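Report on the structure
Here's the letter readout for the chains.
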Amino acid sequence: MPSDTSSSASSAPPTTSYRALLRNREFAGLYAGFTLSVAASTLSGFALGTLVSRQTASPFLTAVSMYGATFATVLGALTLMSVADGNRPRRTLVALQCVALAGVAAQAIPGLPLVVRFGLLLVLGFFQSLQNGTRMGLLAEVVPSCAYALARSLMNITSGGMSVIGYAVGAVLLRCLTPQGVFVTATALTAAGLLVVAATVRNHSIRPVRRPGPRQTWTTNVALFSHSGQRALLLNLWVPNGLIVGCEALFLSYAPGHAGALLAAGSAGMLLGDLTVGRLLTAGQRRRWAFALRLLLAVPYLLFAVHPPVPVATAAVFLASAGFAATLPLQEQLLALTPEPVQGQVQGVESAGRMAWQGIGAAIAGGVAQYTGPAAAITAAAACSVAVTVVSRPFVIRAWAVPAGTAGA
């Protein structure tokens, strides 16, 4: 089996579990706040998409209303992400949660013009990126390094699960409530997340006193992208995943009557992959399997070139989606390369870039499909994902060999 790590990697079995993590009061608070925030964001996005669809009947505006906030996260990563590493992370996280609460509550105002709603959407996306960076910076401090991948896998599983549940609950709520009523429900969930974070998270004294701002953000970002190992890790965290999300965005065009089954298979495969890689494999095993998982993410989609039957396509999507778990060893190494004073910002940049590339991947695949058809576009996106993974592999291997905490300073 091809390996992205040396033979000296640890082979000891995992020393913790999800239950043990949740006994950590601070992690439990971060996790509960994250879960409530994802649920609120999903409900809010669904309500806004429904409202925009009813008022405009525009598929484009509806899609932008549900997913357009992801592009605003890039602006946060480029300007103020250094706030994620301030010396009072609890205060920062609570303040950002208050901004989210105000934004979701404002969406519940009846008769609000759509231009104002889209403006609120972009503002919330901007501050959401800062909130993610601050939360992940705290996560690296409240759990031991050996449990970081396990904690991220639990959050990944929860994020996917809550998104599915949120859309289902949103559809049910809209049968008895107006979109404004769903916004009110999302506001209540956001407020609950705020209270949980305020009650459980504490400030950490290990952080140096810094002056966050655009200059500090830019300085750290320049250092981050100047390091070849971190560049390679970010490339593999963003581009292959984004291209495969582009494949998923074409399911409705490829098989309109079976798109739900394909999407469900993708969610199930991602859940299984995160659970297996995060819970059952050691850090050394995750590194050894990282390259194979990155290939697994794309190779099954090459079957779409021959227009396979729906059961075969569904199985291929399920198998491929397990490869999304390749993010865990890559995120582990990115964290290991990052000095403690800027861990929040670097993780925030990684998260914002990954979300943005999901939108870029969908746009690329959709544009290609306009000229070649969905099957050919899915195959082309998968082939590009494989190419990026293979070509960048030597740089990823070098990144494993860099001493911890020496990059991106």
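Residues numbered from 1 in each chain as written. Predicted model: local features only at pLDDT ≥ 70, side-chain atom pairs only at ≥ 80, totals over all residues. Heavy atoms only, no water.

On to the overall build of the chain. Helix and strand counts for the chain come out as 17 helices and 0 strands. Computed over the C-alpha atoms, the radius of gyration of the chain is 21 Å, within 12% of the 22 Å expected from 2.2 N^0.38 for a compact globule of 409 residues. Seen along its three principal axes, the alpha-carbon backbone of the chain occupies a region of about 60 × 55 × 40 Å. Across the 409 residues in the chain, those meeting the buried criterion constitute 54%. (Helix = DSSP H or I, 4+ residues; strand = E, 2+ residues; numbered from the N terminus. Rg over C-alpha atoms; globule rule 2.2 N^0.38 Å. Buried < 20%, exposed > 50% of the residue type's maximum accessible area, 1.4 Å probe, protein only.)

With that settled, consider the nonpolar core. Among the nonpolar cores identified, the biggest contains 28 residues, and L21, F27, L30, L139, V143, A151 and M155 are the most heavily contacted of them. When residues of this core are traced back to their parent elements, those giving at least two are helix 1 (18–22), helix 2 (25–56), helix 5 (89–107), helix 6 (114–142), helix 7 (148–173) and helix 8 (179–200). Take this core: its biggest share by element is 7 residues, from helix 7. (Core = buried A, V, L, I, M, F, W, Y, C linked by side-chain atoms within 4.5 Å.)

Here the focus is the packing of helix 16 (residues 343–372) against helix 17 (residues 374–401). Between helix 16 and helix 17, the least distance of the axes is 7 Å, while the angle of their chain directions is 135°. Between helix 16 and helix 17, the crossing angle belongs to the class labelled oblique. Between helix 16 and helix 17 lies a crossing of right-handed hand. In this structure, helix 16 contributes A365, V368, A369 and T372 to the contact, and helix 17 contributes P374, A376 and A377. Residue composition of the contact of helix 16 with helix 17, grouped by class: 6 nonpolar, 1 polar and no charged. (Axes fitted to C-alpha atoms, helices over the stretch in contact; angles between N-to-C directions. Parallel < 35°, antiparallel > 145°, perpendicular 65-115°, else oblique. Left-handed = near helix turned anticlockwise from the far one by under 90°. Contact = heavy atoms within 4.5 Å. Nonpolar A, V, L, I, M, F, W, Y, C, P; charged D, E, K, R; others polar.)

Its place among the elements puts L281 in the loop between helix 12 (259–280) and helix 13 (283–296). C-alpha separation for the pair L281 and Q358, spaced 77 residues apart in sequence, amounts to 27 Å.

This part is about the packing of helix 5 against helix 8. It is the contact of helix 5 with helix 8, at a shortest axis distance of 9 Å, that shows an interaxial angle of 170°. By the angle class used here, helix 5 and helix 8 are roughly antiparallel. On helix 8, the residues that touch R90, L93, V94, Q97, C98, A100, L101, V104, A105 and Q107 of helix 5 are F183, A186, T187, T190, A191, G193, L194, V197 and A198. Residue classes in the contact of helix 5 with helix 8 are distributed as 13 nonpolar, 5 polar and 1 charged.

Structurally, the position occupied by S392 is in helix 17. Of note is the side chain of S392, whose polar atom sits 3.5 Å from the backbone oxygen of T389. Ignoring sequence-local partners within four residues, the contact set of S392 consists of L235 and N236. (Polar contact = N/O pair within 3.5 Å; in protein donor to acceptor, adjacent residues only side chain to side chain.)

Evaluated as defined, the whole model comprises 6 aromatic pairs. Both rings, one in F251 and one in Y301, keep their centres 6.4 Å apart while their planes meet at 15°; by these two values the pair is stacked. On the criterion of sequence distance, the pair formed by F251 in helix 11 (residues 251–254) and Y301 in the loop between helix 13 and helix 14 (310–321) is long-range, its members being 50 residues apart. Both residues of the pair, F251 and Y301, count as buried. Counting every residue linked through ring pairs, the aromatic cluster contains F251, Y254, Y301 and F304. (Phe/Tyr/Trp six-rings, centres within 6.5 Å; stacked < 30°, edge-to-face > 60°.)

Inspection of every chain in the model, using the stated rule, returns 4 salt bridges. One salt bridge in this structure joins E350 and R152, with 3.9 Å as the shortest N-O distance. Of this pair, E350 sits in helix 16 while R152 sits in helix 7, placing them 198 residues apart in sequence. Since its relative accessible area comes to 1%, E350 is described here as buried. The buried category is assigned to R152, whose relative accessible area is 4%. Notably, a salt bridge pairs E350 with R354, separated by 2.6 Å at the nearest N-O pair. (Salt bridge = Lys/Arg side-chain N within 4 Å of Asp/Glu carboxyl O.)

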